[in-house]
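Chains, contacts and geometry: an overview
Chain by chain, the residues run as shown.
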Amino acid sequence: YAKIKRYYTQNAVNNMAIEAKITKTHRLPFSCLMEHQEEKLLEAERCLAQKEADIGPARKNFDISVLYKATSIMIIIYYAPRATEIYEIPIRTFLKEKYYSKEKSLSKARAAEIGKRIYL
């Protein structure tokens with residue numbers, strides 16, 4: 001996550017909502033994106049306000065964050081020692097694959113077709 005944060009700190013041009021998923025195979029199951037995550041990523045494209053929890057010993061950043069017209073993306077990490085590939089896919093593109101393809105998972109080859117490869 002640190003490398004993802006660093007990358008988008010340097011490259012973001014607007015609000016972003018990012019969900020990162022990792023697989024150690026050449027396929028990522030569509031079921032890995034939970035329904036509530038899907039809803040929140042879509043909501044962030046409009047306007048999403050969230051309260052940060054006041055629990056635990058960790059210091060919180062602030063009380064509330066608001067994402068307005070955010071760019072919502074999936075970061076998919078196809079992990080392999082010394083051969084990891086990472087793709088950025090807009091959430092709506094990912095969901096179109098999830099609901100309209102006949103596949104149960106997203107292959108690395110298909111991610112390369114519909115996403116943008118990023119280097120962290």
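The structure under discussion appears in the preceding block.
I will try to describe carefully the structure that is included in this document.

This next bit is on the pairing of strand β6 (residues 85-90). For β6, the buried fraction is high: 5 of the 6 residues fall into the buried class. Relative to β6, strand β5 (residues 71-78) is paired through 6 bridges, and the arrangement is antiparallel. Bridging across to β6, Ile77 finds its partner in Ile86. Linking β5 back to β6 in an antiparallel pair, the connection comprises 6 residues, with Arg82 at a positive phi of about 60°. Note: β6 against strand β8 (residues 116-118), 3 bridges, orientation antiparallel. Paired with Tyr87 across the two strands is Arg117, which belongs to β8.

With a phi close to 50°, Lys69 is a non-glycine residue in the positive phi region. Along the chain, Lys69 turns up in the loop between β4 (64-68) and β5. On the basis of relative accessibility, which here comes to 52%, the residue Lys69 falls in the exposed class. Its identity as a non-glycine residue notwithstanding, Arg82 has a phi of 60°, on the positive side. Tracing the backbone shows Arg82 in the loop between β5 and β6.

What follows concerns the sheet that holds strand β1 (residues 16-23). Judged by pairing direction, the sheet is mixed, and its 4 strands sit side by side in the order β1-β5-β6-β8 without closing on themselves. Strand pairing shows two members of the sheet lacking a second neighbour, β1 and β8, which therefore form its edges. Taken over all neighbouring pairs, the strand axes of this sheet differ in orientation by 30° on average, direction set aside. Judged from the 8 bridges that link them, β1 and β5 form a sheet pairing that is parallel. Opposite Ala17, over in β5, you have Ser72 as the bridge partner. Its contacts with the sheet place helix α2 (residues 35-46) against β1 and β5, and it is angled at close to 150° to β1. Seen against the sheet, helix α3 (residues 91-100) touches β5 and β6 and runs at an angle of roughly 95° to β6.

The rules we used
- Residues numbered from 1 in each chain as written.
- Predicted model: local features only at pLDDT ≥ 70, side-chain atom pairs only at ≥ 80, totals over all residues.
- Heavy atoms only, no water.
- Buried < 20%, exposed > 50% of the residue type's maximum accessible area, 1.4 Å probe, protein only.
- Helix = DSSP H or I, 4+ residues; strand = E, 2+ residues; numbered from the N terminus.
- Pairing = 2+ DSSP bridges.
- Axes fitted to C-alpha atoms, helices over the stretch in contact; angles between N-to-C directions.
- Contact = heavy atoms within 4.5 Å.

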